[in-house]
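Secondary and tertiary structure notes
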Amino acid sequence: MVSRWIACLIILLAAFVQRHAGLTSHSLHHHGAPYRPLEEGDSKPELVVRVHEEVVLACDSDAQLTWKHNGKTVQRNSVYHLTTDTLRIFRVGPQEEGLWQCEERDPKSKELLATRAVWIVIMDAPKGSYLTAEGKGKVGPWFNIKENTALRIRCVVEGGRPSPSSFEWWLQTPDGELDSLANYSTGNNLQLDKISRQLHNCTVSCSVSHVALPTPLNASTKLNITYSPSFVISRLPGFGFPLYEGMAVSLKCDVDSNPQASHRWMKDDGDPPVPQTKDGFLNFTSISREHIGWYKCSAQHSLGTFASSGYYLNVRYEEILTKQPPRQVEVALGGGVTLECASSGVSTSGPNCWGRLSGNRLEAVGAGPQLRLDSVLYQEAGAYRCVAPAKPDPLLLERKAMLPPDIEVVVTGQPVVYPVRRNLTAVGGSQLSLSVEFCANPEATHAFWLTQNVVLRPGQEGGGYIAQNVTVSRMISCNN
């Protein structure tokens with residue numbers, strides 16, 4: 001029974017020793033070379049243990065063993081238990097840290113045959129971590145750096161044994177995205193050879209993992225990058241839209257820099273023709289040819305004075321020498337007429353355009369030096385102008401509408417009635433409205449509504465009918 005209990009104890013002890021060997025690689029190895037005392041620079045296995053942990057060192061040998069700690073022979077006591085080939089330390093404390101050796105000696109001659117060693121390290125959690133920069137010492141919450149310079153930061157760990165198991169470097173953008181900086185770091189050192197303005201307000205952090213810590217230590221700093229101004233010039237209406245005299249136009253200068261820079265508009269290297277606002281606008285309420293020129297935006301910055309590339313503001317305008325009265329052309333209703341471009345200032349072979357005045361707008365109605373109107377209706381009466389733009393442009397036609405028309409087409413003939421809607425659907429018992437437009441030149445003297453039983457003048461009612469008063473139509477010689 002006793003022998004069985006001893007066998008079980010040996011098995012448990014072997015399992016315990018094997019567990020420590022696998023976790024800490026603390027097995028003592030035979031050197032196989034003539035003995036010499038181990039020195040501080042020698043490479044030795046490390047055994048990392050926690051305070052008050054139990055440790056078993058095994059030294060399998062048939063020779064006589066002597067255990068030493070930091071060069072002093074170890075004696076059996078309440079802390080150290082010695083067996084034939086093991087040393088058990090019941091509760092490891094700071095005093096057990098250091099070099100442990102077992103020496104094999106010949107039982108008869110006491111000659112030293114071999115020595116095996118392990119270095120016990122008492123685990124101690126780091127107290128904290130912080131960042132340092134080359135030439136700047138300890139880094140605070142903000143790290144000031146200029147654009148296009150190198151960023152070199154080191155992650156320093158305060159205390160702790162053994163050394164940290166890993167350092168991880170991260171970059172967090174202002175919107176919370178996290179990117180690894182593994183390609184720019186080596187251990188606790190981070191180096192970015194050329195810092196860019198895109199990293200402004202980003203956070204650089206170092207995450208330190210240690211065997212004695214349940215969670216990593218973190219140290220971080222936010223980048224405050226000084227960079228020179230860059231400019232964006234915009235316009236209302238947008239670029240590509242032609243500008244004409246009298247239009248409202250705005251130029252906008254946006255400056256991106258750190259620190260922020262005050263901006264200033266210039267025209268032809270002088271002051272702008274209109275005041276600029278604090279937010280970078282030049283507002284032209286009615287732009288004119290005097291505003292044509294080169295505009296650019298400059299900024300005064302801590303790094304110097306900077307300016308945008310120039311923008312040429314062009315304004316289209318027309319020279320009006322004389323205002324000629326319109327030339328009237330009379331055509332009978334249903335007849336035809338050919339309108340000819342006036343020869344003054346108009347090309348007879350170029351891309352001439354014909355327009356018809358409608359309010360303040362000139363609507364394009366044809367191209368070429370002649371405009372033919374056939375089967376003329378009253379609705380085609382009005383003012384016509386022939387223009388010759390270098391490039392057909394509806395906006396240019398609008399501008400031409402401000403000038404006196406060249407030709408006034410007058411349509412004459414008998415009265416004609418034009419129903420506004422030719423087909424109507426009515427529901428029994430409900431109201432129904434009929435609308436017509438009637439035209440005549442000379443102007444009609446009388447108008448009547450006729451039914452099978454009733455004849456009504458405009459403004460009269462009877463027999464279940466109401467005749468509304470006549471109103472003037474927007475069309476020449478017509479009424480509603």
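For the structure itself, look to the data block above.
Quick notes on the rules
Residues numbered from 1 in each chain as written. Predicted model: local features only at pLDDT ≥ 70, side-chain atom pairs only at ≥ 80, totals over all residues. Heavy atoms only, no water. Helix = DSSP H or I, 4+ residues; strand = E, 2+ residues; numbered from the N terminus. Buried < 20%, exposed > 50% of the residue type's maximum accessible area, 1.4 Å probe, protein only. Areas by Shrake-Rupley, 256 points an atom, 1.4 Å probe, with all protein chains shown as cover. Disulfide = S-S within 2.5 Å. Pairing = 2+ DSSP bridges. Patch = residues over 30% accessible without salt bridge, like charges linked within 9 Å, V, L, I, M, F, W, Y side chains within 5 Å. Salt bridge = Lys/Arg side-chain N within 4 Å of Asp/Glu carboxyl O. Contact = heavy atoms within 4.5 Å.

**Focus on the overall build of the chain**
- Within the chain one finds two helices and 37 strands.
- A buried classification covers 37% of the 480 residues belonging to the chain.
- Put simply, the chain shows about 29000 Å² of open surface, and 51% of that area lies on carbon and sulfur atoms.

**Re the state of the cysteines**
- Going through the model one piece at a time under the given rule, you end up with five disulfides.
- Between the sulfur atoms of Cys59 and its disulfide mate Cys102 the distance is 2.0 Å. Negative torsions about the S-S bond denote left-handed disulfides, and the value of about 50 degrees found for Cys59 with Cys102 makes this one right-handed. In this pair, Cys59 is assigned in the loop between strand S2 (55-58) and strand S3 (64-69) and Cys102 in strand S7 (residues 98-105), connecting sequence segments 43 residues apart.
- What makes Cys102 buried here is its relative accessible area of 0%.

**Concerning the sheet that holds strand S4 (residues 72-73)**
- Spatially, S1-S8-S7-S3-S4 is the arrangement adopted by the five strands of the open sheet, whose pairing is mixed. The open sheet has two edge strands, strand S1 (46-49) and S4, and neither has a second partner.
- In the sheet, S3 pairs with S7 via six bridges, with the strands oriented antiparallel. Directly across from Leu65, in S7, lies its bridge partner Glu104.

**Some points on a nonpolar patch on the surface**
- Residues Leu424, Leu432, Leu434 and Trp449 make up a contiguous nonpolar surface patch of about 360 Å² in total accessible area.
- Inspection of the secondary structure assignment puts Leu432 in the loop between strand S31 (407-419) and strand S32 (436-441).

**So, the pairing of strand S13 (residues 166-172)**
- Bridge analysis of S13 against strand S17 (residues 203-209) gives seven bridges, and the strand direction is antiparallel. In the sheet register, Gln172 faces S17, and the bridge partner there is Thr203.
- Of the pairings in the sheet, the one linking S13 to strand S14 (residues 178-180) comprises three bridges and is antiparallel in character. Residue pairing for S14: Trp170 is matched across the bridge by Ser180.
- Connecting the antiparallel pair S13 and S14 is a turn made up of five residues, with Gly176 showing a positive phi of about 100 degrees.

**Notes on the side chain of Ser308**
- Checked against the element boundaries, Ser308 lands in the loop between strand S23 (304-307) and strand S24 (311-313).
- Here Ser308 falls in the buried class, since its relative accessible area comes to 11%.
- Setting aside chain neighbours within four positions, we find Ser308 in contact with Phe231, Ile233, Lys296 and Cys297.

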